[in-house]
Amino acid sequence: KNHIARNSLGICYAKIGDIPKALEEFQLAAKENPSITFLYNLGSASLRLGDHKQAKDAFLKCIQQDPNHVYSIIRLAQLFELEGKLTEAQNWLKK
């Protein structure tokens with residue numbers, strides 16, 4: 001149950017704008033329990049901090065668990081767009 005508390009704490013940090021601390025909590029939560037919720041939060045915080053690799057890894061893990069996880073698909077498309085990989089972004093959005 002520690003992972004639930006860590007995720008909740010990460011959400012609180014994110015809401016007050018402390019994304020680095022939120023990221024720490026999401027990393028710990030996802031390490032303890034790599035569920036879609038915790039991985040998605042990890043990916044989102046990583047994206048906000050500009051860590052595209054960690055964000056991409058987290059969103060791909062979400063999609064491995066649920067190939068129709070729309071939020072992760074959209075975030076991946078955003079990532080590829082930010083990297084100038086427009087064809088890749090479009091491919092993800094067509095899924």
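Parameters at a glance
- Residues numbered from 1 in each chain as written.
- Predicted model: local features only at pLDDT ≥ 70, side-chain atom pairs only at ≥ 80, totals over all residues.
- Heavy atoms only, no water.
- Helix = DSSP H or I, 4+ residues; strand = E, 2+ residues; numbered from the N terminus.
- Expected span 1.5 Å × (residues − 1).
- Buried < 20%, exposed > 50% of the residue type's maximum accessible area, 1.4 Å probe, protein only.
- Contact = heavy atoms within 4.5 Å.
- Arc of directions from axis to C-beta.
- Phe/Tyr/Trp six-rings, centres within 6.5 Å; stacked < 30°, edge-to-face > 60°.

Engineer: Break down helix H3 (residues 36–48) for me, citing the residues and quoting the values.
Structural biologist: For H3, which comprises 13 residues, the first-to-last C-alpha distance of 18 Å matches the rise-based estimate of 18 Å (1.5 Å per residue) to within 8%. Of all the 13 residues making up H3, 10 are buried; the element is thus mostly covered by neighbouring parts of the structure. Those residues of H3 lying buried are Phe38, Leu39, Tyr40, Asn41, Leu42, Gly43, Ser44, Ala45, Ser46 and Leu47. The elements touched by buried residues of H3 are helix H1 (2–15), helix H2 (19–32), helix H4 (52–65) and helix H5 (70–82). A positive backbone phi angle near 85° is found at Gly50, which sits one or two residues after H3.

Engineer: Give me H1: which residues, what numbers.
Structural biologist: Taking 1.5 Å per residue as the helical rise, H1 with its 14 residues ought to reach 20 Å, and the 20 Å between its terminal C-alpha atoms agrees with that figure. By the burial criterion, the buried members of H1 are His3, Asn7 and Gly10. Buried residues of H1 fall within an arc of 55° about the axis and therefore sit on the same side. Looking at the buried residues of H1, the elements they touch are H2 and H3.

Engineer: Would you mind going over the packing of aromatic side chains in detail, with residue names and values included?
Structural biologist: One pass over the full model with this rule turns up 2 aromatic pairs. Between the aromatic rings of Tyr40 and Phe59, the centroid separation amounts to 5.6 Å while the plane-to-plane angle is 50°, which identifies the pairing as tilted. Linking Tyr40 in helix H3 with Phe59 in helix H4, this pair joins segments that are 19 residues apart in sequence. Accessibility expressed as a relative area gives 17% for Tyr40, which makes it buried. Aromatic rings pair up to connect Tyr40, Phe59 and Tyr71 into one cluster.

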